[in-house]
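# Residue-level structural notes
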Amino acid sequence: MTRDFVTPATSILFLFIVVSGVMMFFNFGESFVKSAHEWLGLVFGAVAIWHLWRHFKGFAAYLRRPHPRAVLAGVAMISLVVVALTAHPERAGVSPRVVFQSLEAAPLAAVAQVAGIDEAGLRLALAGKGVDVGSAHSLREVAQATGADPSLLVATLFEHR
C-alpha cells in the first residue's frame, strides 16, 4: 500500500516542482504557480523525510561508502554556494518585473529618454499602435485610460531597437 501511494505521489510532486520552478525562473506564469510550487514543495519535503525515516537503516548503510558521502557533501556544498550567491539583500528587487514597473510609473518624458526617443516620438509610436496617450503622465495612466497592458506599452517603445 505504501509503495503504491508514495512512489507515484513523489514522482508527480517532483515533476510539478521541476516544471513550476522552471516556469518561475523564466518568469512564465509565475503568478499561477508560485503558491502551488511552495506548498507542494513542502509536501514533497515531508514525503522525502518520511521516506528517509522509513528506510533509515538502508540509507545509513549507503552513506558508509566513501563515494556516496563525497557526492552528498559535494551537492550540499554546491547548494550552499548557490544560496549564498543568490540570496544577497542588495540584489533583492532587481528583476525585470521591477524595471518594467518603474518604467510604467515613470513620467512619459523619462520613459521616452530611456527608449532613445523624445516625448513626441513616444506619443507617435503609441498612436501608431492605436493607443491614445491623451493627457496621461505615465504609461500606467495610459494603460488605465485605454485598457491596454502597461508592459505591452513598454515593449512597443523598444520595438524599433
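First, a word on scope: everything that follows refers to the structure included in this document. All residue numbers here refer to positions counted from 1 along the written sequence of the relevant chain. Two thresholds apply to this predicted model, a pLDDT of at least 70 for residue-level local features and 80 or more for giving and counting side-chain atom pairs, whereas whole-chain, interface and lining totals are computed over all residues. The side-chain quantities take in all heavy atoms of the structure and omit both hydrogens and water.

### Focus on a nonpolar patch on the surface
Short version of the rule: Put simply, a patch holds well-exposed residues, over 30% relative accessible area, that have no salt bridge, with like charges counted together within 9 Å and Val, Leu, Ile, Met, Phe, Trp or Tyr side chains within 5 Å. Each accessible area value is a Shrake-Rupley result obtained with a 1.4 Å probe; residue values ignore everything except the protein chains displayed when judging cover. We define a salt bridge as a side-chain nitrogen of Lys or Arg found within 4 Å of a carboxyl oxygen belonging to Asp or Glu. Numbering of helices and strands runs from the N terminus; a helix is a DSSP stretch of H or I covering at least four residues, while a strand is a stretch of E covering at least two.
Together, Phe14, Val18, Val22, Phe25, Phe26 and Phe28 make up a nonpolar patch on the protein surface, roughly 690 Å² of accessible area in all. Mapped onto the secondary structure, Phe14 falls in helix H1 (residues 2–25).

### Considering the packing of helix H6 (residues 108–115) against helix H7 (residues 119–128)
Two quantities define a packed helix pair, namely the angle between the helix axes and the distance between the axes. Put simply, the rule is: The axes used here are C-alpha line fits, helices contributing only the stretch in contact, and every angle between their N-to-C directions lies in the interval 0 to 180 degrees. Note on terminology: angles under 35 degrees are roughly parallel, angles over 145 are roughly antiparallel, angles of 65 to 115 are roughly perpendicular, and the others are oblique. The contact rule is simple, with two residues in contact once any of their heavy atoms fall within 4.5 Å.
Where H6 contacts H7, the two axes come as close as 8 Å, and the packing angle between them is 85 degrees. Compared by their axis directions, H6 and H7 come out roughly perpendicular. Across the interface between the two elements, Leu108, Ala109, Val111 and Ala112 of H6 pack against Glu119, Leu122 and Arg123 of H7.

### Description of the packing of H7 against helix H9 (residues 150–157)
Selection rule: Crossing handedness is defined as follows: a turn of the near helix away from the far one that is anticlockwise and smaller than a right angle gives a left-handed crossing, while the clockwise case is right-handed. Charged means Asp, Glu, Lys or Arg here, nonpolar means Ala, Val, Leu, Ile, Met, Phe, Trp, Tyr, Cys or Pro, and polar covers whatever is left, Gly included.
Two elements in contact, H7 and H9, have axes whose closest approach is 10 Å; the angle formed by their N-to-C orientations is 115 degrees. It follows that H7 is roughly perpendicular to H9 by the angle criterion. Here H7 runs over H9; the crossing is right-handed. Residues Leu122, Ala125 and Leu126 of H7 form the contact with H9, whose own contacting residues are Leu153, Thr156 and Leu157. When the residues that make up the contact of H7 with H9 are grouped by side-chain class, the tally is 5 nonpolar, 1 polar and no charged.

### Quick look at the packing of aromatic side chains
Each pair of aromatic rings is reported with the distance of its centres and the angle of its planes. Quick reminder of the rule: Any two of the Phe, Tyr and Trp rings considered here, Trp counted by its six-membered ring, make a pair once their centres fall within 6.5 Å; the pair's planes then place it as stacked at under 30 degrees, edge-to-face at over 60, or tilted in between. Exposure classes here rest on a 1.4 Å probe applied to the protein chains alone. A residue is buried below 20% of its type maximum, exposed above 50%, and partly exposed in between.
One pass over the full model with this rule turns up 2 aromatic pairs. Where Phe25 meets Phe26, the ring centres are 4.9 Å apart and the plane angle is 90 degrees; that geometry is what we call edge-to-face. For the pair Phe25 and Phe26, a shared accessibility class is recorded, and that class is exposed.

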